[in-house]
Amino acid sequence: MKSLTEEFNAGKRRPENPEYKRLGKRRNYLRAKINEEGKTPELMDEFRKIGETMRSLPSKETHGDHFKRLRYCRYADDFAIGITGTKEDAEEIMQKVVTFLGRNLKLQIAEGKSSIKSAREGITFLSYHIRTWRTDKVVKTKIRGAHTTIRTVAEHISLQVPEARIMQFCQKYRYGDWNTGKYHHRPGLLRRSDAEIIMTYNAELMGITNYYCLADDVKGKLGKLQYIANYSLLKTLANKHKTRKSEILKRLKQGSELIYRYEVKGKEKELKVFKLKHMTKKPNNWGIDEIPDTFCLASPRSEMVRS
């Protein structure tokens, strides 16, 4: 990959799009003329149309041999290659990689998992969906003393949470039915103390939230999971104490938080039910760096509130 990168990379900066540059010069000319002659309908109409056309074009050249880049990322036996170039370039690189793996390392790629995707379509890598995105939103700004409008986001790389992954997580921990939003209690936790039941749910939700905290849509995608998990927790506690969910909710609710209070060696402690609003957009200090196996929290030999 090092030799391929050195062979493939070209250019120091991406060249400007000639058409975009031409329209920009015309627009600057019209702006100066409007300032001199006033806002006549003909000048304003042409000025507006040029602005709309420019916003539909890339400001830099997206294809061509003047600027190319290859990026490679590997984790264990999974790897992704990013290409700034044409589809033909990507096909050539892929063929070289397949040939090298087969001839030099006697390995075969997984054809079902290996393909060429456009940046807008995106790929799934290490359980993240990675793609570029853009928006038509424009904002007013001031450049070199002149008021103008600019695009806010154009082809930026975005990390996103695959919904299928969240559905699998919900099913794995038996929170409820993802499609209907109906939550269930978990019989396997009923012999645990209230604190350990809450710790189990917290550890599970903290784990998946910590893993996906870098995603741009993490709160939107995990919001439904939090809802089903929180009500599954309330239903599990209600089933344990032979009461209603509303009664458990009344006991735990403290303002906008759900807090369980208990004693350890005569000292009162409190335990918050985890919510997405507690999440930060950077690795936190919870000490959970991956989605955990919470069996240890629900096994008969674990009773954390006694320690």
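To keep things clear, this report deals only with the structure shown in the data block. Numbering of residues begins from 1 in every chain and follows the order in which that chain's sequence is written. With the structure being a predicted model, the display of local features is reserved for residues of pLDDT at least 70 and the display and counting of side-chain atom pairs for 80 or more, all residues being used for whole-chain, interface and lining totals. Just so you know, side-chain values use all the structure's heavy atoms and leave hydrogens and water out.

## Side note on the pairing of strand β9 (residues 257–264)
The two faces of a sheet get side chains in turn, since along a regular strand they alternate between them.
(1) Moving on: Both strand β8 (residues 253–254) and β9 contribute to a ladder of two bridges, which runs antiparallel. Following the sheet pairing, Q254 is matched in β9 by E257.
(2) Moving on: DSSP-based pairing: two strands are paired if at least 2 bridges between them are found. Think of it this way: any DSSP run of H or I at least four residues long counts as a helix, any run of E at least two long counts as a strand, and we number them from the N terminus. Hairpin remark: β8 followed by β9, antiparallel, with two residues in the connecting loop; positive phi at G255, about 65 degrees.
(3) Moving on: Sheet topology places β9 next to strand β10 (residues 267–272); six bridges connect them, and they run antiparallel. By the bridge assignment for β10, E263 is matched with E268.

## Digging into the packing of helix α7 (residues 218–241) against helix α8 (residues 245–252)
(1) Moving on: Only the contacting stretch of a helix is used when fitting its axis, a line to C-alpha atoms as for every element, and angles between N-to-C directions run 0 to 180 degrees. At a minimum axis separation of 8 Å, α7 and α8 run at an interaxial angle of 105 degrees. On the basis of the axis angle, α7 is roughly perpendicular to α8. Two secondary-structure elements touch here, α7 through Y231, L234, K235, L237, A238 and H241 and α8 through K245, I248, L249, R251 and L252. For classification purposes, angles smaller than 35 degrees are called roughly parallel, those larger than 145 roughly antiparallel, those between 65 and 115 roughly perpendicular, and all remaining angles oblique. Any pair of residues with heavy atoms lying within 4.5 Å of one another is described as a contacting pair.

## Observations concerning the nonpolar core
(1) Moving on: In this description, a nonpolar core means a group of buried Ala, Val, Leu, Ile, Met, Phe, Trp, Tyr and Cys residues linked to one another through side-chain atoms lying within 4.5 Å. Residue exposure (1.4 Å probe, protein chains only): buried if accessible area is under 20% of the type maximum, exposed if over 50%, otherwise partly exposed. One finds I166, Y175, Y212, V218, L225, L233 and L237 to be the most contacted residues of the largest nonpolar core, which totals 40 residues.
(2) Moving on: Only α5 (163–172), α6 (194–211), α7, α8 and β9 provide two or more residues apiece to this core.
(3) Moving on: Broken down by element, the residue count for this core peaks at nine residues, all from α7.
(4) Moving on: When residues no more than four places from it in sequence are discounted, the contact partners of I166 are V161, W178, I208, Y212, K221, L222 and L225.
(5) Moving on: By size, the runner-up hydrophobic cluster in this structure holds seven residues, among which are L23, L30, I34 and L43.

## Side note on the packing of aromatic side chains
(1) Moving on: Think of it this way: a Phe, Tyr or Trp ring, Trp meaning its six-membered ring, pairs with another when their centres are within 6.5 Å, and the plane angle makes it stacked under 30 degrees, edge-to-face over 60, tilted otherwise. Counted according to the given criterion, the structure contains 12 aromatic pairs.
(2) Moving on: Both rings, one in Y72 and one in F79, keep their centres 6.0 Å apart while their planes meet at 50 degrees; by these two values the pair is tilted.
(3) Moving on: Its relative accessible area of 35% is what places F79 among the partly exposed residues.
(4) Moving on: Relative to Y231, the ring of Y227 has its centre 5.0 Å away and its plane inclined at 50 degrees; by these criteria the two rings are tilted. Here the residue Y227 and the residue Y231 both occupy positions in helix α7, the gap between them amounting to four residues, near one helical turn.
(5) Moving on: In this structure Y227 comes out as partly exposed when scored by relative accessible area, which is 42%.
(6) Moving on: Assessed through its relative accessible area of 28%, Y231 is described here as partly exposed.
(7) Moving on: The rule is short: NZ of Lys or CZ of Arg within 6 Å of the ring centre and within 35 degrees of the ring normal puts a charge over the ring. When the ring centre of W178 is taken as reference, the NZ or CZ atom of K224 above it lies at 4.7 Å.

On their own, these measurements won't tell you what the molecule is for.
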